[in-house]
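Examining the three-dimensional arrangement
Okay, here's what each chain looks like letter by letter:
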Amino acid sequence: MTEPQDPVARAAALLKEHRHSIDRLDAILVFTLAERFKHTQAVGLLKATHDLPPSDPAREEQQIARLKDLANTADLDPEFAEKFLNFIIQEVIKHHEQHQS
Ligand SMILES: C=C(O[C@@H]1C=C(C(=O)O)C=C[C@H]1O)C(=O)O
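Residues numbered from 1 in each chain as written. Predicted model: local features only at pLDDT ≥ 70, side-chain atom pairs only at ≥ 80, totals over all residues. Heavy atoms only, no water.

Next up on the list: the overall build of the chain. Along the chain, the regular secondary structure elements total 3 helices and 0 strands. Taken over C-alpha atoms, the radius of gyration comes to 20 Å for the chain, far larger than the 13 Å a tight globule of 101 residues would show. Dimensions of the chain, computed from the C-alpha atoms along their principal axes, are close to 65 × 25 × 15 Å. Expressed as a percentage of the 101 residues in the chain, the buried residues total 17%. For the chain, contacts bridging at least 24 residues in sequence account for 62% of all contacts bridging at least 6. With the model as given, the accessible surface of the chain reaches about 8,200 Å², and the carbon-plus-sulfur share is 61%. For the chain, the distance from the average site of its 12 positive side-chain charges to the average site of its 17 negative ones is 4 Å. (Helix = DSSP H or I, 4+ residues; strand = E, 2+ residues; numbered from the N terminus. Rg over C-alpha atoms; globule rule 2.2 N^0.38 Å. Buried < 20%, exposed > 50% of the residue type's maximum accessible area, 1.4 Å probe, protein only. Contact = heavy atoms within 4.5 Å. Areas by Shrake-Rupley, 256 points an atom, 1.4 Å probe, with all protein chains shown as cover. Lys, Arg positive; Asp, Glu negative; His and termini not counted. Charge placed at Lys NZ, Arg CZ, Asp CG, Glu CD.)

So, on to the site of the ligand. Lining the immediate surroundings of the ligand are 14 residues, of which Arg36, Lys47, Asp56, Glu60 and Gln63 lie closest. In this structure, glutamate 60 approaches the ligand through a side-chain N or O atom, which is 2.4 Å from an oxygen atom. At 2.8 Å, a side-chain N or O of glutamine 63 approaches an oxygen atom of the ligand. Mapped by element, the contributors of at least two residues to the shell around the ligand are α1 (7-49), α2 (57-74) and α3 (78-100). Class assignment for the residues of the shell around the ligand results in 5 nonpolar, 4 polar and 5 charged. (Near = heavy atom within 4 Å. Polar contact = N/O pair within 3.5 Å; in protein donor to acceptor, adjacent residues only side chain to side chain. Nonpolar A, V, L, I, M, F, W, Y, C, P; charged D, E, K, R; others polar.)

The interhelical angle for the contact between α2 and α3, taken along N-to-C directions, is 145 degrees, at an axis separation of 9 Å. Seen from above, α2 lies across α3 with right-handed handedness. Across the interface between the two elements, Glu60, Gln63, Ile64, Leu67, Lys68, Ala71 and Asn72 of α2 pack against Pro78, Glu79, Ala81, Glu82, Leu85, Asn86, Ile89 and Ile93 of α3. Counted by class, the contact of α2 with α3 contains 8 nonpolar, 3 polar and 4 charged residues. (Axes fitted to C-alpha atoms, helices over the stretch in contact; angles between N-to-C directions. Left-handed = near helix turned anticlockwise from the far one by under 90°.)

Written out as structure tokens, the structure reads:
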């Protein structure tokens, strides 16, 4: 396929390609999160039926350290990675509290 020569058309084509990739990656994020929540829901049930607390701060600390390490390797802002994981974990803990009530 021939590349458009006009800079405006070229920019439009590049924008379209990037947005296509972004849409695919967003879909991966949604499916990945849904899969993660399936496992955390199962953990929530286990905790509720075995009298275990909804949150596990020691485990969270390990996960945050691991994720920040991975973020550095992946050239992603580690502070953002930490905030993002904390946001998800808070939602999981809410679910676990609901299992217990
Ligand atoms: C899923 C768990 O429950 C909570 C949620 C976590 C998570 O979403 O990764 C981690 C620790 C817990 O505070 C767990 O204990 O493994």
